[in-house]
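Residue-level listing of the chains:
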Amino acid sequence: MTTLSVRQVRFRYLTLYGLRWLPSGLMIPVMILLMQERGLTLSQIGMVATAQGLVVLALELPTGGFADALGRKPVLAVAWVIGLISLVIFAVADSFWLFFLVWALQGVYRALDSGPLESWYVDATLAADPDAEYERGLGHAGMVIGLAIGAGALLGGGLVALGPLGPISALTLPVLVAIALHVVSLIALFVLMQETRPATGAAALRASVVEAPRMVGQAIGLLRRSRVLLALVAVELFWGFGMVTFESLLPIRLSEVVGNVDRAAALLGPAGSAAWLANAAGAALTPFLLRRLGAAPAAALMRILQGGTVVGMGLLAGPVGVLIAYLACYTVHGASNPLHMGLLHRQVDGPYRTSVISLNSMMAQPAGALGALVLTALADRSSVGVAMVVGAVVLALAAPLYLPAWRAGRAAAPVPAAVGQPSQVDQAESDDSPAAAADLDAASAQAR
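Residues numbered from 1 in each chain as written. Predicted model: local features only at pLDDT ≥ 70, side-chain atom pairs only at ≥ 80, totals over all residues. Heavy atoms only, no water.

**Notes on the confidence of the model for the protein**
Next up, step 1: Averaged over every residue, the pLDDT of the protein is 78; residues scoring 70 or more account for 80%.
Next up, step 2: Per-element confidence in the protein is highest for helix α8 (residues 173-192), whose mean pLDDT is 93, and lowest for helix α20 (residues 434-447), whose mean pLDDT is 30.
Next up, step 3: A low-confidence stretch, residues 413-448 stays under pLDDT 50, and its non-local contacts, those more than four residues away or across chains, total 48 contacts. (pLDDT = per-residue confidence, 0-100. Helix = DSSP H or I, 4+ residues; strand = E, 2+ residues; numbered from the N terminus. Contact = heavy atoms within 4.5 Å.)

**Some points on the environment of Ile-357**
Next up, step 1: By secondary structure assignment, the location of Ile-357 is in helix α16 (residues 353-381).
Next up, step 2: You can call Ile-357 buried: its relative accessible area is 6%.
Next up, step 3: Placed 239 residues apart in sequence, Ile-357 and Glu-118 show a C-alpha to C-alpha distance of 8.9 Å.
Next up, step 4: Among all residues touching Ile-357, those that are not within four sequence positions of it are Ser-114, Gly-115, Glu-118, Ser-119, Met-341, Leu-344 and His-345. (Buried < 20%, exposed > 50% of the residue type's maximum accessible area, 1.4 Å probe, protein only.)

**Focus: the packing of aromatic side chains**
Next up, step 1: By the definition in use, this model includes nine aromatic pairs.
Next up, step 2: With a centroid separation of 5.5 Å and an interplanar angle of 65°, the aromatic rings of Trp-97 and Phe-100 are classed as edge-to-face. Here Trp-97 pairs with Phe-100, and both are found in helix α5 (residues 96-113), just three residues apart, close to one helical turn.
Next up, step 3: With relative accessibility at 27%, the residue Phe-100 sits in the partly exposed group.
Next up, step 4: Taking 5.1 Å as the distance between ring centres and 70° as the angle between the ring planes, the aromatic pair formed by Tyr-326 and Tyr-330 counts as edge-to-face. Linking Tyr-326 with Tyr-330, this pair stays in helix α15 (residues 318-345), spanning four residues, or about one helical turn.
Next up, step 5: Given a relative accessible area of 2%, Tyr-330 falls into the buried group.
Next up, step 6: Here the aromatic residues Tyr-13, Tyr-17, Trp-21 and Tyr-121 are joined through ring pairs into a cluster of three or more.
Next up, step 7: One residue, Arg-20, lies across the ring of Trp-21, its end atom 3.7 Å from the ring centre. (Phe/Tyr/Trp six-rings, centres within 6.5 Å; stacked < 30°, edge-to-face > 60°. Lys NZ or Arg CZ within 6 Å of the ring centre and 35° of its normal.)

See below:
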């Protein structure tokens, strides 16, 4: 197998990353509104959305360990097939329980999809050049996701604006196009992702099932030993709860101020496109924020600013004010994610990378399910604006959790620790003895 260069790895990662998120962009303007069109109330939508969070909570860690043990490509392929099946069902769903099934399958998809592609990129980059700065690719990924989702949202809004096509409603058209694009992304995965798997065949599959729990256990051990890592993962609890405001409540808020559901969906197409372009612009600011503020202070500031933008979405009158706040929210969002993930990757060794990313994602999913229940119920009983303000406060409350990473960064030695060995930061932040850290390193060496 030909060894890929750092540039080739980054190109393939960004291509697959863009193809993975393009169908999601198509769904953003119509997902909530289509469920409303087919008879679900806001509370019911919140209830079906909890299926995803509960499934992710159950599967996130086992699937992360499985990807580390078996290989990232086969796990990612299964994930994208399940995602395709969920979209096909969503296209025809017309009842609470069918939508519940869609979101449950989305939970399986998200659990399997969470981490393998990014972990493959980081490990393949380090294999090509151990001194490579993979943060550049992570920042570029933030730009790519913005462009991909923005283009998808623009296309989705355009399809809605075209109106119904025969028996197919205007809100269903983007779903069908998303299905076709999902097939394209699955084919690209098999062509572009080059991986040296730990093992192959049925025996390897059985061994990986046995090995996955140990991978998970070692990842949890990392979390238990590092207050920095624990605090970073805890950030996702607040983000998962608060993201319901700009992912699920924004279409409802916009339809309120516009006064028409179809017009709101048509506006969300170009608005969503502009928002994800703003997300890309925010990601492009990551190097500047790193230089001027440092990763942890910048990440904390982004959480506070994002809360402020969501307050604007909930309280500003008229579609112009709501959409300006929406664009600002996604600009901050684009800058925030590379900062957070860069901090996270610096705290973890290669063999457990996907498992730790899964831990990080696992925190967001059940928190998102809780946010969907609480905030949609609050929107039904009070108003969408009040629900968005509550979510904004929760988003901003995550900022202090970056303090351990900031303190650790100030105390870090100028010479980075060797791969697989505990850094001075980890030792300073460790809750256990040096002997316990040494045991973890021995397990790491054994895993290789």
